[in-house]
Each structure stands twice: as structure tokens, then as C-alpha cells.
Amino acid sequence: MIELRDVSFISEGRCLLKDINCTFESGRCYIVSGEDSVGKSLLTKILGGIVKPHQGKVLVNGKDLYLNIDKQRPNNQIGFVFQDGVFISNLSIRENLQLPIKYFKSQISYGELINRIQLLFEEFHLDIALLDERPSELAYSAKKMISFIRAILIDPEIYVLNRPLFNLDFIDMKRIMSYLVRMKNSEKTLIMTGNSRTLMENLADEVILLVNGEILVKESAERFFASTNPAIKTYIENNLG
Amino acid sequence: MNHILEMTGKKIYLNWTGIKEFFSFTFEVLSGIFSFGKRTQIGFSVVVKQVFFTGYQALGLIGFLAIAVGGLIILQGNLLLAAFGQSRWAYMLLVSVVIRELSSIFTALIVVARSGTSICTELGNMVVNNEIDLLKSYGISPIDYLVVSRTIGVVVAMFTLAIFFNIISVFGGWFFTTLFYPIYFGDFINNFVNEVMIQDILVSVVKSVVFGFIIALISCYNGLKVARATTEVPQRTIKAVVNSIMLIVMVNILITYIYSLLF
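Given the structure is predicted, the values throughout are model-derived calculations rather than measurements.

Undergrad: How should the sheet that holds strand β8 (residues 189-193) of chain A be read in this particular structure?
TA: Strands pair in a sheet through their backbones, by hydrogen bonds, and they do so in one of two ways: parallel or antiparallel. Residues and elements named next belong to chain A. A sheet is described by the order of its strands in space; here six strands give the open sequence β6-β7-β8-β3-β9-β10, paired in mixed fashion. Of all strands in the sheet, those bounded by a partner on one side alone are β6 (78-81) and β10 (214-219). In this sheet, adjacent strand axes meet at a mean angle of 15° when their direction is disregarded.

Undergrad: Can you walk me through the domain arrangement of chain A in this structure?
TA: All names here are of chain A. Its domain assignment divides chain A into domain 1 (2-77 + 157-240) and domain 2 (88-155). Domain 1 and domain 2 are separated by 25 Å when their C-alpha centres are compared. Each partner contributes to the interface: domain 1 provides eleven residues, whereas domain 2 provides ten residues. Counting residues per element, the side of domain 1 that touches domain 2 draws most heavily on helix α5 (residues 170-185), at three residues. Of the residues contributing to the side of domain 1 that touches domain 2, the split by class is five nonpolar, two polar and four charged.

Undergrad: Looking at this structure, how should I read the pairing of β6(A)?
TA: On a regular strand, each side chain points to the face opposite its neighbour's, so the side chains alternate between the two faces of the sheet. Residue and element names in this part refer to chain A. On β6, burial covers both faces: Ile-78 and Phe-80 on one face and Gly-79 and Val-81 on the other are all buried. With four bridges connecting them, β6 and strand β7 (residues 158-161) associate as parallel partners. From the neighbouring strand, Val-81 faces β7, where its bridge partner is Leu-161.

Undergrad: It is not clear to me how the sheet that holds strand β2 (residues 14-24) of chain A should be interpreted in this structure. Could you clarify?
TA: Residues and elements named next belong to chain A. Here four strands make up an open sheet; going across it, the order is β2-β1-β4-β5 and the pairing antiparallel. Here the strands that pair on one side only, and so sit at the sheet edges, are β2 and β5 (63-64). Here five bridges tie strand β1 (residues 2-11) to strand β4 (residues 55-60), and the two strands are oriented antiparallel to one another. The partner of Leu-4 across the bridge, within β4, is Val-58.

Undergrad: Looking at this structure, I do not really get the nonpolar core. What am I missing?
TA: One recurring pattern in soluble globular proteins: nonpolar side chains tend to sit buried together. Core analysis: the largest hydrophobic core is formed by 123 residues, its most contacted members being A:Tyr30, B:Met158 and B:Ile215. No other element matches helix α7 (residues 142-180) of chain B, which puts 17 residues into this core. Taken domain by domain, the makeup of this core includes at least three residues from each of domain 1 (2-77 + 157-240) and domain 2 (88-155) of chain A. In this structure B:Met158 touches B:Thr107, B:Ala108, B:Val111, B:Ser208, B:Val209, B:Phe211 and B:Gly212, once residues within four positions along its chain are discounted.

Undergrad: Quick question: what am I supposed to make of helix α6 (residues 131-138) of chain B here?
TA: For the α-helix, the turn length of 3.6 residues means that residues three or four positions removed from each other point alike. Here α6(B) lies mainly inside the structure; seven of its eight residues are buried. Listed in full, the buried residues belonging to α6(B) are B:Glu131, B:Ile132, B:Leu134, B:Leu135, B:Lys136, B:Ser137 and B:Tyr138.

Undergrad: Explanation requested: the packing of helix α4 (residues 59-82) of chain B against helix α5 (residues 89-128) of chain B in the structure shown.
TA: When two helices pack together, their arrangement is given by the angle between their axes and by how far apart the axes lie. Residues and elements named next belong to chain B. As a packed pair, α4 and α5 sit with axes 10 Å apart at the nearest point and diverge in direction by 150°. Judged on the interaxial angle alone, α5 and α4 are roughly antiparallel. Like other packed secondary-structure pairs, α4 and α5 cross with a definite hand, here right-handed. Contacts from Leu-61, Ile-62, Leu-65, Val-69, Gly-70, Ile-73, Ile-74, Gly-77, Asn-78 and Leu-81 of α4 reach α5 at Trp-89, Ala-90, Leu-93, Leu-94, Val-97, Val-98, Leu-102, Phe-106, Thr-107 and Ile-110.

Undergrad: What is the right way to read unusual backbone geometry from this model?
TA: Excluding glycine, residues mostly have negative phi values, and the peptide bonds linking residues are mostly trans. Residue and element names in this part refer to chain A. One non-glycine residue with positive phi stands out, namely Glu-12, at about 45°. For Glu-12, the location among the structural elements is in the loop between β1 and β2. Notably, Ser-37 is not glycine yet its phi reads approximately 60°, a positive angle. For Ser-37, the position within the fold is in the loop between β3 (29-34) and α1 (40-47). By the C-beta count within 10 Å, which is 11 here, Ser-37 ends up exposed.

Undergrad: Explanation requested: the packing of α4(B) against α7(B) in the structure shown.
TA: All names here are of chain B. The geometry of α4 relative to α7 is characterised by a closest axis approach of 6 Å and an angle of 45° between their N-to-C directions. Our classification of the angle between α4 and α7 gives oblique. Here α4 runs over α7; the crossing is right-handed.

Undergrad: Whenever I open this one, helix α4 (residues 140-153) of chain A confuses me. Can you help?
TA: Residue and element names in this part refer to chain A. Under the 1.5 Å per step criterion, the end-to-end length of α4 is 20 Å for 14 residues, consistent within 8% with the ideal 20 Å. Among all positions of α4, only Lys-143, Lys-144, Met-145, Ile-146, Ser-147, Phe-148, Ile-149, Arg-150 and Ala-151 are buried. In this structure, the buried side of α4 is in contact with β6, α2 (93-103), α3 (110-123), β7 and α5. Taken from the residues just after α4, Asp-155 is the one with a positive phi, measuring 50°.

Undergrad: Teacher, can you tell me more about the environment of A:Glu222 here?
TA: Residue and element names in this part refer to chain A. Looking at the element boundaries, Glu-222 is found in helix α7 (residues 221-225). For Glu-222, a count of 12 C-beta atoms within 10 Å corresponds to the exposed category. When the C-alpha atoms of Glu-222 and Ala-204 are compared, they prove to be 9.6 Å apart, with 18 residues separating the residues in sequence.

Undergrad: When you look at the environment of A:Asp64 in this model, what are you seeing that I'm missing?
TA: With respect to the element layout, A:Asp64 can be found in strand β5. Sequence-distant contacts of A:Asp64, that is, excluding residues within four places in its chain, are made with A:Lys57 and A:Leu59.

Here is what the cut-offs are and how they apply
- Residues numbered from 1 in each chain as written.
- Chains lettered and ligands numbered in written order.
- Predicted model: local features only at pLDDT ≥ 70, side-chain atom pairs only at ≥ 80, totals over all residues.
- Pairing = 2+ DSSP bridges.
- Helix = DSSP H or I, 4+ residues; strand = E, 2+ residues; numbered from the N terminus.
- Axes fitted to C-alpha atoms, helices over the stretch in contact; angles between N-to-C directions.
- Domains from an automatic or database assignment.
- Contact = placed C-beta atoms within 7 Å.
- Nonpolar A, V, L, I, M, F, W, Y, C, P; charged D, E, K, R; others polar.
- Buried ≥ 20, exposed ≤ 12 C-beta atoms within 10 Å, placed from the backbone.
- Core = buried A, V, L, I, M, F, W, Y, C linked by C-beta atoms within 7 Å.
- Parallel < 35°, antiparallel > 145°, perpendicular 65-115°, else oblique.
- Left-handed = near helix turned anticlockwise from the far one by under 90°.
- Expected span 1.5 Å × (residues − 1).

Dropping the structure here:
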């Protein structure tokens, strides 16, 4: 379980997130939606242990994520997927995938790791030769899929995904989508941002609507789409068709 | 008047906050250095790469400068001191000017120009490209992975380069001397060894290690201080170069002063 308690974030005098209180139960899928620049990406970074909030706490299974964050490594509780598939640019894809495992002297053997990578590459229909490429040589969709694979490799309990289907073609979107369904069925906690109605209707246990850095609503997808709240109705009409 | 006071106050506050932040960064790097061996396999390969880039690839330039500096000092010394019949003092000049002062300063300037700028640019671009966020998402501390290994690499390279500079400058001194006053290499080295003392070598080594630490620390700090725009990268790099040079000059004076008190 992951819990945000009175979380606020201020940047250059602007309050980007204000008093966020929210609980994400284990084994459930949450989709954080909202207009551009309402703080969705920032919220995912706070949940992913990347950006410490100025106020409030992030509790993972009751423990403060940012308290002694240096001593809690490795971060194998949370798998984070960046919107544009970020990689360390001067390392090959293979080195990128091995980085956290090698860095923390993980128990996984090199052979086992390579096996897992190969299986996942096959599953996502990616050419294994890409492992020796540099990130800059990869197509956008390949970067995004490999970034997804990287999160799966550490097998965390919680996945935080920033717009996982954004800018993908239909086939790649279907592949990611079917894997997300499998993750949900295997009781993983999924927290993702996105403005896709299909994603919400097929996957979300709850939809969270962010407006101006505050949570306007947190409810099931059915209730969200049936809402009579004028602000929600307008948002659905303008953004989710 | 109020506006001026407010601006001054704000500037002092910002500078003070910056200094506090830099000291806490330094402390974190130092504690990372002491626990370096325990944690990581990958950090070691970063150190090796850094030593290769900062040290090995700079050998040509450092060697060229060392020959020129050693040669010029001994030539000028010979010319000036010969007029007073004190040519032997030229060796003393080589020790006090090149070994104690110029070897570490020149090496530091070259390392600032080559490695300081590249470290700052690399880290700045990593911030802009969210690569630092990626490390944090793994639970890898950017200071442990990026800064500590680079700092160790630069310090090792600086130490090696300063010794290399010293050796080559002595050789340069001999080479230029032979152009005017033929002297056997063995005799030249004998005369030089009679003048040089262990504390001269020690002060050169201490300076090179301290300067290496300063360069790595300031370059990494400024690189990681880039916020989100690529335009900040060159600005931060300039700041890293200026701050490194200023601090190196000040620390050099301090170490020389301590040396003069001790020996």
C-alpha cells in the first residue's frame, strides 16, 4: 500500500500540488488524469521516490519513503516508467538494463538476468540486437517498451507509470495494454497517468482527477464517467471524448 | 534605500544558502568516498574511465607544457644567475618554482579546462535529460554513482599527472640547459637531487590531490545544479571553471604559507 499524506509541492512560489491525501491499495489499478500541467507527472515522481515533496509524507507499507531514503536502497519496491523512456545516454541498452542489478550486487546471476531480458524482448517483439545499441539509436516506441521492460525486470510490487501508452502505435499500445492487464491480475499495484478512456474503462479500479494541483475526485471508472459534477462532465467531454 | 537593503539581504541569504548547500554536498561526497569500496562494482569502472580521460589522455599536453616550463625556468635562471656567478641556484629555482608551485597549478588548470568542463557539461545534460531522475527511481544516489567515482578518478589522475609533470619538467630543464651549457644528464640529476627535499615533493603531491578534489567537487556540484534548461549548462560550466580556478589559487597560497611555516 502506498499513501500520500498532506503532500504539497511548491516551485518558484507556485503551489504545484496542494495538500494531497490519497491511499493506493495493494493490487489495485489507479489512473491519474487531468489537463496538461496540473501536476500529474510531478505526482508520479513523488510516488516514485524521485522528487521529495516540500510538505507531507509518502508512506510505502507504512514506512516513510523519503525518510533516510539513502539507507533504503535499492528501490525494488517501486518500478518507475518515464513518459519518454529515459536511459543513461552513454551506456548501451544492455548496460542500462543491468545497471541497478549490478550496482546493488543483486543476487540475480548474469545468465538469469540475460534470460529474463531475452524472454521479455521476445514477448514485446523487440529485436535482441537492440541490446547493444545506444539509447539515441532507438526509435521512440522501442525506447518506451524497453523502459517498460526495465521496470518489470526488478519485479516490484508497485508500478508507477507516466503515460505508458502515450505516442505509441496501435500494435505496441496493445502489447503494453495486455501486459498491464496481466500485472493487474497478478495483484500488482498500478498507478499511472493518462487521458485514455479505453485505459480507464478497461483497467482502472479508480480514476483520480487532478485539477490545479488538487484532487477533485477519486472514484471508480463507472462512477467517474457517469458523474453529474459539471467540472468532471466538462473534463470528460473535452479530453476523453 | 529599502529596495537596496532588500536586494543586499536577499543576495547574502542566497549566497549563504549556496555555501551551506555546497558544504553539505562536500560532506556527502566525502562520506561516499569512505564507503566507496563497500557498495558498488560499477563505480570502479567509472573511476577507471575517469582516470583514463583525465589522466592518460592529458599526458601529451601535460608533457609538452612540463618540458616548456622546466626548460624556460632553468634557462631564465641560468641567464640571470650566471651574471652573479650563482648558476647552481638554477636548480633551486627549478625546485621552488616548478616542483613546489607550477607543477600542481599547471596540471590543475589543464584538468579544469579538459575534465572540469566535461564533467560539468555531462552532469548538466544528464539533469536536463532526466537521467538523474532515472538513477533516483532505481534508488541509486547520483552522488554515490556519479560524483564519488568521478572525484576519486580526478584525484588519482591529478596526483599522477603532477608527478609526471615534475619528472618531465626536470628532463626539460636538462634538455634546454644542454643547448647552452653541455652537461651530462647524470650530473644534472645529481645537482637537482642535491637541491630537492622530500617536503618539496610532498607539498606538490598534497597540492595536486587537494586541487583534484576541488575541481571534481565544484564541477559536479555545478553540473547537478542545472535545473531544466540546456541553456543553463554552459552558464554552469563557466561558473565551475571560474570558481575552481579561484579556489585553487586561494588554497595554493594557503598551502604554500603553511609550508613556509613548517619548513
